[in-house]
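# Structural description and commentary
Each chain is listed here by its residues.
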Amino acid sequence: MSSDTTKSTALPSSPFSSRRGLSHFNNRLFTGVVWIIGVCTVVFICSLLFLILQKGLPKLDFGFLVGLPSEIDEGGGVGPVLFNSFYVLFISLLISIPLGMAAGIYLAEFAPANKFIAFIRICVEGLASVPSIIFGLFGIALFVEQLDIGLTIIGGAVSLAFLNLPVLTRVTEEAIRAVPQEMKQASFGLGATHLQTIRRVMIPVALNMIITGICLTAGRAFGESAVIILTAGVSSSGVMWDFNPLSPGATLAVHLWYVQSEAIVPDAKLIAEKAAAVLVFVVLLINIVFRVPLWLNARRTR
Amino acid sequence: MSMIEVPTSGKVLNTDELGSSLKASSGKKFGRKARLTFYNKTFKVICIVSSLFVCVILFSILFLMGRTGVLTFETVSIKEFFFSTDWVPENDQYGAFIFIFGTFALTLLTMLISVPLSVVIAVFLAEMTPSWLKTMLRPVLDLLVGIPSVVYGFLGMTVLIPMLRTLTGTNMGDGILAAAIVLTIMVLPTISRIIDDSIVAVPKKFRDASYALGSTRFQTITRVVIPAAKSGIMYAVILGMARAIGETMAVVMVIGNTPQLANALFKPTSVLTSNIVMQIANVPFDSTWNYALYMMGFILLVISLIMIVVVRMIQGKGVKL
């Protein structure tokens, strides 16, 4: 674009020629600097991720993924903590998806435009901005102190669900709002009730955005560590496939921190590298696997 | 809502010929309509309760944190808590000034590094890259937002700190600069994607007008596009600040966790979040120490809620533009 404008005004004896030369130089300099900084930063961040995957993934074996962690000897695995990660994620999503979606549907569909609803919206946004560690403190006060069940999987999962709730609410609300009004009116015109319209028309149309939001939330919850350290502890029950929600529930993210900064095992660095690689890999997988089909679908229907 | 006529007598009409959805109503009069109305009402009530639940959580968090935190001031004076630099819980000295100052200093430093960088990246993304690169880079940045903070902390601990040590030639690497760099890497994708969106949203006619007046791309971007996207940039900056203030694990791993005032870049220190997470597990619930930690959490909570109010005000202004 800029080259077009300069060509058309290229008069040799322009009184502004020296000034134009300067701003031309500035423009070149600016373009160059922005390109360099942009490329460097993106390459830098991506290479960090690549570094993690490249350090850890080749050393991975099945024994590490299902093995029991050890406190003293070398060769400990991450089986129980990896399992806890998925278990906690599953329970927290089980709680937060229905609640978050229902709240989002209410805000998008039913809510009248009054001060009270504006207040609810501020609450949702406020809760979304609460730092994760506060949910951890809240979880301690609620589960460890009031209910007196100690550091448990269920405590961690519920605290995590509270963390996810506002995000899911906002995602659902935005997705439902983005559904064209014509579809809704057509459904009403066919004699469908409001619930039928929401179930059969609004949610299927908005599903793409909702699933993207759920994936983002799930990825965030999978890697969340501050909440889990405070509410589910830094140790696991030490056996594989422990479905008891009242056992301590350190997740993979917590284990990564624990091994790197507190543990005394001789191969802590190796375990941390492999755990970090698994963590990044799973988060990328959650984000990519669920979204690629939707993305392809969106391209086809466009 | 639904105005479907429901047949009242079953013998006149053969039920097989009817739509299967009407079968359930063959006995009772208007049974289907009543059922649908009931479902609708129940669904609406469930939705209302869920959205009220969000408010209930926010207020119970505020209440629990505030109530537990205020107990601190039974034994510690407000002045001592906020302005004393002596954090020695073993001797009943609970001065949180170091941590409050540390949090603000860290956030400021993070923003000083990350805001200019992310404006440049956003300009790069929105104005300069060819479209094939755009479609590649935007999803990558979105993926980066989802990388767990503990992984960034791990990277900071194993890559950044040794790097800083060789750069400075000392064996001091932990501290506020290392934490700010790690936080910058974390918030950069978030901030730059929001700024990118707000730059894309600037109407094309603004740019056309600027180019028609003979300005270069540099002048167009700095004098027209960026000022027009100002409210979006402010929004992004505040969201980034909120994330930087509340970030815990990445900071814990690189900041050194020592209660001393952060008056140098390479000096192990501590911030509100890192201090809470390092100490909360070791203290009994009914102790002043614990209450002080909850009070520090309450400060964080209040700061983040104030930021949301500011964001709302900025967005309110943005609509008027």
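On a predicted model such as this, the values are computed, not experimentally measured, just so you know.

## Concerning the overall build of chain A
Along the backbone of chain A there are 12 helices and 0 strands. Along chain A, from the amino end to the carboxyl end, the secondary structure elements read α-α-α-α-α-α-α-α-α-α-α-α. A buried classification covers 51% of the 302 residues belonging to chain A. Long-range pairs, those at least 24 residues apart, make up 76% of the contacts in chain A with a sequence separation of at least 6. Carbon together with sulfur atoms contributes 67% to the accessible area of chain A, which is approximately 14100 Å² in total.

## Section: the overall build of chain B
In terms of helices and strands, chain B carries 12 helices and 2 strands. When the elements of chain B are put in sequence order from the N terminus, they spell out α-α-β-β-α-α-α-α-α-α-α-α-α-α. In chain B, buried positions account for 52% of the 321 residues. Of the contacts formed within chain B by residues at least 6 apart in sequence, a portion of 69% connects residues at least 24 apart. When the accessible area of chain B is evaluated, it comes to approximately 14900 Å², of which 67% is carbon and sulfur surface.

## Observations regarding the UniProt feature "transmembrane region" (unreviewed entry) in chain B
All names here are of chain B. The UniProt record annotates "transmembrane region" (unreviewed entry) at residues 42-65, 96-128, 140-164, 176-195, 233-255 and 291-311. The annotated region residues 233-255 carries 91% helix and 0% strand content, and the separation between its end C-alpha atoms amounts to 28 Å. From the first C-alpha to the last, residues 291-311 spans 30 Å; its make-up is 100% helix and 0% strand.

## Topic: a nonpolar patch on the surface
Residue and element names in this part refer to chain A. A cluster of nonpolar side chains, Leu 57, Phe 281, Leu 285, Val 289 and Phe 290, forms an exposed patch at the surface whose accessible area comes to about 440 Å². For Val 289, the location among the structural elements is in helix α12 (residues 268-301). Val 289 sits in the partly exposed class, given a relative accessible area of 49%.

## Notes on helix α3 (residues 97-128) of chain B
Residue pairs three or four apart in sequence face the same way in an α-helix, which turns once every 3.6 residues. All names here are of chain B. End to end, α3 covers 45 Å across 32 residues, agreeing with the expected 46 Å (1.5 Å per residue, within 8%). Its axis deflected by about 25° at Ser 114, α3 carries its strongest bend there, up to four residues before the proline Pro 116. Counting buried positions along α3 gives 24 out of 32 residues, so the element sits mostly inside the fold.

## Considering the interface of chain B and chain A
The interface of chain B with chain A comprises 81 residues on the first partner and 83 residues on the second. Summed over both sides, the interface between chain B and chain A buries roughly 7400 Å², with carbon and sulfur atoms accounting for 82% of that surface. If you sort the residues of chain B by the area they bury against chain A, Val 54, Phe 124 and Phe 154 of chain B come out on top, with a joint share of 8%. Counting across the chain B and chain A interface gives 0 salt bridges. Across the contact surface, chain B and chain A share 5 residue pairs in polar contact (both at pLDDT 80 or more). If you tally residues by element for the side of chain B that touches chain A, the top one is helix α1 (residues 31-70) of chain B, at 23 residues.

## Some details on the packing of helix α6 (residues 132-146) of chain A against α1 of chain B
Remark: α6 of chain A packs on α1 of chain B, axes separated minimally by 10 Å, with the N-to-C direction vectors making an angle of 75°. One way to sum up the angle between α6 of chain A and α1 of chain B is to call them roughly perpendicular. Contacts between α6 of chain A and α1 of chain B involve Ile 134, Phe 135, Leu 137, Phe 138, Ala 141 and Gln 146 of chain A on the former and, on the latter, Ser 60, Ile 61, Leu 64, Met 65 and Arg 67 of chain B. Residue composition of the contact of α6 of chain A with α1 of chain B, grouped by class: 8 nonpolar, 2 polar and 1 charged.

## A word on the packing of aromatic side chains
Think of a pair of aromatic rings as described by two things: how far the centres are apart, and how the planes are tilted against each other in angle. Enumeration over the complete set of coordinates arrives at 13 aromatic pairs over all chains. With a centroid separation of 6.1 Å and an interplanar angle of 65°, the aromatic rings of Phe 162 of chain A and Phe 53 of chain B are classed as edge-to-face. Here Phe 53 of chain B lies in helix α1 and Phe 162 of chain A lies in helix α7 (residues 153-177), a pairing that spans two chains. Relative accessible area serves as the criterion here: at 10%, Phe 162 of chain A is assigned to the buried category. Relative to Phe 82 of chain B, the ring of Phe 73 of chain B has its centre 6.5 Å away and its plane inclined at 25°; by these criteria the two rings are stacked.

## Things to note about the environment of Met 163 of chain B
Residue and element names in this part refer to chain B. Within the element layout of this structure, Met 163 appears in helix α5 (residues 149-168). Taking the relative accessible area as the measure of exposure, Met 163 reaches 42% and is therefore partly exposed. A C-alpha to C-alpha distance of 29 Å links Met 163 and Leu 125, two positions 38 residues apart in sequence.

## Overview of the UniProt feature "domain: ABC transmembrane type-1" (unreviewed entry) in chain B
Per the UniProt record, "domain: ABC transmembrane type-1" (unreviewed entry) is annotated on residues 100-311 of chain B. Span residues 100-311 of chain B is 78% helix and 0% strand, its end C-alpha atoms 22 Å apart.

## Re the UniProt feature "transmembrane region" (unreviewed entry) in chain A
All names here are of chain A. With numbering aligned to this structure, UniProt lists the feature "transmembrane region" (unreviewed entry) at residues 29-53, 86-107, 119-143, 149-168, 201-222 and 275-296. In residues 149-168, the share of helix is 80% and the share of strand is 0%. The end C-alpha atoms are 28 Å apart. Within residues 201-222, the helical portion is 100% and the strand portion 0%, while the C-alpha atoms at the span's ends are 31 Å from each other.

## A look at the side chain of Ser 270 of chain B
Residue and element names in this part refer to chain B. In this structure, Ser 270 sits in the loop between α10 (249-255) and α11 (272-279). A distance of 3.2 Å separates a polar atom in the side chain of Ser 270 from a polar atom in the side chain of Ser 274. With residues near it in sequence (within four places) discarded, Ser 270 still touches Ile 98, Phe 99, Gly 102, Asn 257, Thr 258 and Asn 275.

## Details of the confidence of the model for chain A
Residues and elements named next belong to chain A. The pLDDT averaged across chain A works out to 79; a share of 88% of its residues lies at or above 70. Of all the helices and strands in chain A, helix α1 (residues 2-8) carries the lowest mean pLDDT, 45, while α7 carries the highest, 88. Note on residues 1-11: pLDDT is under 50 here. Beyond four places in sequence and across chains, it has 10 contacts.

## Structural notes on helix α4 (residues 131-145) of chain B
Residues and elements named next belong to chain B. Here α4 spans 21 Å end to end across 15 residues, near enough to the 21 Å set by a 1.5 Å rise per residue. All of the buried residues in α4 are Leu 133, Lys 134, Leu 137, Leu 141 and Leu 144. All buried residues of α4 project into a common sector of 95° when viewed along the axis, lining one side. In this structure, α4 carries Ser 131, Trp 132 and Thr 135 as exposed residues pointing more than 90 degrees from its buried face.

## Some words on the nonpolar core
Core analysis: the biggest nonpolar cluster contains 187 residues, and Leu 256 of chain A together with Ile 61, Leu 106, Val 150 and Met 296 of chain B have the highest contact counts within it. The element best represented in this core is α3 of chain B, accounting for 17 residues. Sequence-distant contacts of Ile 61 of chain B, defined by excluding residues within four places in its chain, comprise Leu 127, Ile 134, Phe 135 and Phe 138 of chain A together with Leu 301 of chain B.

## Here's the deal with the state of the cysteines
Taken as a whole and assessed by the stated rule, the structure comprises 0 disulfides over all chains. Lacking any disulfide linkage, Cys 40 of chain A is separated from the closest cysteine sulfur, that of Cys 46 of chain A, by 12 Å. The thiol of Cys 55 of chain B is unpaired, and the distance to the nearest cysteine sulfur, on Cys 123 of chain A, comes to 3.5 Å.

## What to know about the packing of α6 of chain A against α7 of chain A
Residue and element names in this part refer to chain A. Running from N to C, α6 and α7 cross one another at 135°; their axes reach a closest spacing of 9 Å. Considered as vectors, α6 and α7 are oriented oblique to each other. Judged by the twist between their axes, the crossing of α6 over α7 is right-handed. Counting all contacts with α6, which are made through Ser 132, Phe 135, Phe 138, Gly 139 and Phe 143, the residues of α7 involved are Gly 155, Val 158, Ser 159, Phe 162 and Leu 163.

The rules behind each value
- Residues numbered from 1 in each chain as written.
- Chains lettered and ligands numbered in written order.
- Predicted model: local features only at pLDDT ≥ 70, side-chain atom pairs only at ≥ 80, totals over all residues.
- Heavy atoms only, no water.
- Helix = DSSP H or I, 4+ residues; strand = E, 2+ residues; numbered from the N terminus.
- Buried < 20%, exposed > 50% of the residue type's maximum accessible area, 1.4 Å probe, protein only.
- Contact = heavy atoms within 4.5 Å.
- Areas by Shrake-Rupley, 256 points an atom, 1.4 Å probe, with all protein chains shown as cover.
- UniProt positions renumbered as here; feature names shortened; annotations may be inferred.
- Patch = residues over 30% accessible without salt bridge, like charges linked within 9 Å, V, L, I, M, F, W, Y side chains within 5 Å.
- Salt bridge = Lys/Arg side-chain N within 4 Å of Asp/Glu carboxyl O.
- Expected span 1.5 Å × (residues − 1).
- Bend = angle between axes of the 7 residues up to and from the residue.
- Buried area = accessible area lost by both parts, 1.4 Å probe.
- Polar contact = N/O pair within 3.5 Å; in protein donor to acceptor, adjacent residues only side chain to side chain.
- Axes fitted to C-alpha atoms, helices over the stretch in contact; angles between N-to-C directions.
- Parallel < 35°, antiparallel > 145°, perpendicular 65-115°, else oblique.
- Nonpolar A, V, L, I, M, F, W, Y, C, P; charged D, E, K, R; others polar.
- Phe/Tyr/Trp six-rings, centres within 6.5 Å; stacked < 30°, edge-to-face > 60°.
- pLDDT = per-residue confidence, 0-100.
- Arc of directions from axis to C-beta.
- Core = buried A, V, L, I, M, F, W, Y, C linked by side-chain atoms within 4.5 Å.
- Disulfide = S-S within 2.5 Å.
- Left-handed = near helix turned anticlockwise from the far one by under 90°.

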